[in-house]
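Now for the letters of each chain:
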Amino acid sequence: MMFLFKKVVHRLRSIFLENIARWLVFGLLVGIVSGLGASAFYYLLQAGRHFCFNLLAGYALPAPAGEQIFEAAGALQFHRLVFFLLPALGGLISGLLVYHFAPEAEGHGTDAMIDAFHNRKGRIRTRVPLIKGLASIITLSSGGSAGREGPIAQIGAGIGSAIGRLLNLSDRERRILLLAGCGGGLSAIFRAPLGGALTAIEILYKEDMETEALVPTVVSSITAYIIFTYFFGNAPIFFFPEYTFSNPRELIFYILLGLICVPAGIFFIKVFYAVRERIFQPLKIPLYVKPALGGLAVGCIGLFFPQVYGDGWGWIQLAILGKLGIGIMMAIALAKIIATSFTISSGGSGGVFGPTLFIGGMIGGAVGYSAHYFYPNIVAQPEAFVVVGMASFFAGVASAPIGTLLMCSEMTRGYGLIAPLMLVSIIAILFTRQHSIYARQVQSKRESPAHTADFTVNLFAETRVRDFYKPEKVTPVRKTTSYGQLKKIFSASHIECFPVYDENDALIGSVNWDQARTIVFEEGLEDLIIAEDMMSPVRTVTPEDNFYDAFMKFMETNAEELLVVSPDDGNIVLGVLRHDDLIAAYSAELNRRKNSG
């Protein structure tokens, strides 16, 4: 017996280790490809911005400390008309590329990744990462008000999906690799290995996480991060002075920031979708023209507030360094909301993570520097509010507090901000949890088609017969009971299945009205046929049996009713379980779980 036990344990351990090793290999493979893809995307994006703004428009966009790859050579001559037209031209080229080759690459990308996970079995067409990457580079390089998170999420997810198809993996495994690719891309492009991995598994739901994908996603994220930093260094994106939270009174202003981010986040979401539904969707023009119109609107705004061009992260760096006034920060936060809505809601290719960090950072900067002006002894480092505002705003609009908190910490190396980051992010998400910038995001795993089978199995296993059968008195039948007497019993009861007992009161079978139908019109058989001649082998359930056990017995017997017997004494019949009651109970439980989710 001990030998058998050890053999089983050894087998289970080997299966477990094989499974872990398998996911480590898959995560490593996806991480390598997504890291290389993120590196190529990043370099081409920086080169495109340098070409469009430094060389064509003669305008040097500020860059964060960790992203100054290209520098303008000599003095620049500003060309206002080129500067104005760049977003429209980029939108037109991007629109032609997307709507001709891969329409699913339009918009902010993360929603498409979420939809592929929930509704498309983790399938993303192979051409989508390439088209999404090129279209996003064109949009962002030309000044479209968007970010790189959406494109890199869809690019990485497409890489994971393609690898899953090449390896002929199951739908479940392909979904996991999709998330691993997404996490790898995010971790690389934002130099945030832990935050990128957690954001990928968190952003699918408003109140849940895809923990099943954690191991391969973390492996992919670390691998992609190492590859990316090999090419571009591991310096954080933003320079941020060392910060230590030490004054509890400062929390008052962080709470105020969180409360301000709530209506601001809801306002952003409403404007974002209002622009799409009320302005661009009703327009009866070719789809590829709409991003050009969105770019034209951005150009108009950019003439007054050039800070809205691109993701604006260079301006976030200036806000951290205290080089932007409170009034301009408030103004460009509002302008960025409008510009981002016109860029992405028109069908332009880009993400919302970058713009939301910009908006949140400017709101945080306005609050922090205002508090520092009036209460310098309490708020000694107002630049901290810029980073906290970044995390708080995105956590609220995307329902992703944990991953965003970590990403902002890693992007600035501001780990001393963890306490206020946690506080403000939770405040933001508590009040905005019914709203999300991601339309395809679902509440929890219960609402995801990807997990329908899981919850059906759980329902089968958790629901007991006692939850839906009705105890009632059932007339017992002796094996010697004649057919004539049985007809009277049948006619006097709404029950169709009756227990048959022998002379020792042992349950030996059951007799059913269906078995009597074939001879109901035969005459002279009332005293010749007895219950023993008609009965079937007894098939019973107990109140403690689960839904699955009862369902399988119905399938095996093809009966409409089963006897319910006591779990302590199989000879005591407590009632009958009807097939219709089983189905009704299943539907009711499904609806209850859905509504309670």
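Scroll up a little and you will see the structure.
In this report, we go over the structure that sits alongside the text. (Residues numbered from 1 in each chain as written. Predicted model: local features only at pLDDT ≥ 70, side-chain atom pairs only at ≥ 80, totals over all residues. Heavy atoms only, no water.)

We now examine the overall build of the protein. Along its length, the protein carries 22 helices and seven strands. Taking 25 Å as the expected radius of gyration for a compact globule of 597 residues, we find that the protein reaches 32 Å, considerably beyond that expectation. Along the first, second and third principal axes, the C-alpha set of the protein runs to 115 × 55 × 50 Å. The long-range share in the protein, meaning contacts at least 24 apart out of those at least 6 apart in sequence, stands at 76%. For the protein, the exposed area adds up to about 26100 Å²; of that, 62% sits on carbon and sulfur atoms. One finds the centroid of the 48 positive side-chain charges in the protein at a distance of 11 Å from the centroid of its 48 negative side-chain charges. (Helix = DSSP H or I, 4+ residues; strand = E, 2+ residues; numbered from the N terminus. Rg over C-alpha atoms; globule rule 2.2 N^0.38 Å. Contact = heavy atoms within 4.5 Å. Areas by Shrake-Rupley, 256 points an atom, 1.4 Å probe, with all protein chains shown as cover. Lys, Arg positive; Asp, Glu negative; His and termini not counted. Charge placed at Lys NZ, Arg CZ, Asp CG, Glu CD.)

A word on helix α3 (residues 110-119). For an α-helix, 3.6 residues make a turn, and residues three or four places apart therefore share a direction. In terms of residue burial, α3 counts as a mostly covered element, since eight of its 10 residues are buried. Thr-110, Asp-111, Met-113, Ile-114, Asp-115, Ala-116, Phe-117 and His-118 are the residues of α3 that are buried. Of the surrounding secondary structure, the elements contacted by the buried residues of α3 are α5 (149-166), α6 (171-189) and α9 (251-280). Just downstream of α3 lies Lys-121, where phi reads positive at about 55°. (Buried < 20%, exposed > 50% of the residue type's maximum accessible area, 1.4 Å probe, protein only.)

What follows deals with the sheet that holds strand β6 (residues 561-565). Across the sheet, four strands lie side by side as β1-β7-β6-β5; this open sheet has mixed pairing. Strands with a single pairing partner mark the edges of an open sheet, and in this sheet they are β1 (470-471) and β5 (540-541). Docked against the sheet, helix α21 (residues 547-557) engages β5, β6 and β7 (573-578), running at close to 135° with respect to β6. (Pairing = 2+ DSSP bridges. Axes fitted to C-alpha atoms, helices over the stretch in contact; angles between N-to-C directions.)

Moving on, we get to the environment of Ile-572. Along the chain, the position of Ile-572 falls in the loop between β6 and β7. With 384 residues separating them in the primary sequence, Ile-572 and Ala-188 have C-alpha atoms 66 Å apart. When neighbours within four sequence positions are excluded, Ile-572 is seen to be in contact with Val-564, Val-565 and Ser-566.

Note on placement: Pro-499 falls in strand β3 (residues 497-501). You can call Pro-499 buried: its relative accessible area is 1%. C-alpha of Pro-499 to C-alpha of Phe-305: the two residues are 194 residues apart in sequence and 84 Å apart in space.

The strands that make up a sheet pair up through hydrogen bonds in the backbone, lying either parallel or antiparallel. The strand order β2-β3-β4 describes an open sheet built from three strands, whose pairing is mixed. Strands at the two margins of the open sheet, each flanked by one partner only, are β2 (477-478) and β4 (507-512). Here five bridges tie β3 to β4, and the two strands are oriented antiparallel to one another. Within the sheet, the bridge partner assigned to Phe-498 lies in β4 and is Val-511. Sheet contacts for helix α18 (residues 483-491): β2, β3 and β4; angle to β4, the most-contacted strand, approximately 70°.

What follows is about the packing of aromatic side chains. Inspection of the entire model under this criterion finds 24 aromatic pairs. Between Tyr-42 and Phe-228 the ring centres are 5.2 Å apart and the planes differ by 70°, which places this aromatic pair in the edge-to-face class. Residue Tyr-42 is located in helix α1 (residues 2-57), and its partner Phe-228 is located in helix α8 (residues 214-232); the two are separated by 186 residues in the primary sequence. Note on Tyr-42: relative accessible area 1%, which makes it buried. Looking at Phe-228, the relative accessible area reads 0%, which means it is buried. Both rings, one in Phe-280 and one in Phe-342, keep their centres 5.9 Å apart while their planes meet at 80°; by these two values the pair is edge-to-face. Of the two residues, Phe-280 is situated in helix α9 and Phe-342 in helix α12 (residues 326-345); the sequence distance between them amounts to 62 residues. Here Phe-280 matches Phe-342 in class, with each residue buried. Through successive ring pairs, a cluster of aromatic residues spans Tyr-42, Phe-228, Tyr-230, Phe-231 and Phe-232. (Phe/Tyr/Trp six-rings, centres within 6.5 Å; stacked < 30°, edge-to-face > 60°.)

Time to look at the pairing of β3. Extensive coverage of β3 is indicated by the burial of five of its five residues. Burial along β3 is two-sided: the residues Cys-497, Pro-499 and Tyr-501 and Phe-498 and Val-500 are all buried. In the sheet, β2 pairs with β3 via two bridges, with the strands oriented parallel. Counted as the bridge partner of Arg-478 is Tyr-501 from β3. In sequence, β3 turns back onto β4 through a hairpin of five residues, with Asp-505 there showing a positive phi of about 60°.

Glancing now at the nonpolar core. Among the nonpolar cores identified, the biggest contains 127 residues, and Phe-190, Ile-316 and Met-362 are the most heavily contacted of them. Once residues within four sequence positions are removed from consideration, Phe-190 is found in contact with Arg-148, Glu-149, Ile-237, Trp-313, Phe-353, Met-407 and Met-411. Counting 19 residues, the second largest nonpolar core, distinct from the first, contains Val-500, Tyr-501, Met-534 and Val-565. (Core = buried A, V, L, I, M, F, W, Y, C linked by side-chain atoms within 4.5 Å.)

Looking at where Thr-139 falls in the secondary structure, it is placed in helix α4 (residues 127-141). Setting aside its immediate chain neighbours within four residues, Thr-139 contacts Ser-94, Gly-144, Thr-343 and Ser-349.

That is the geometry; function is a separate question.
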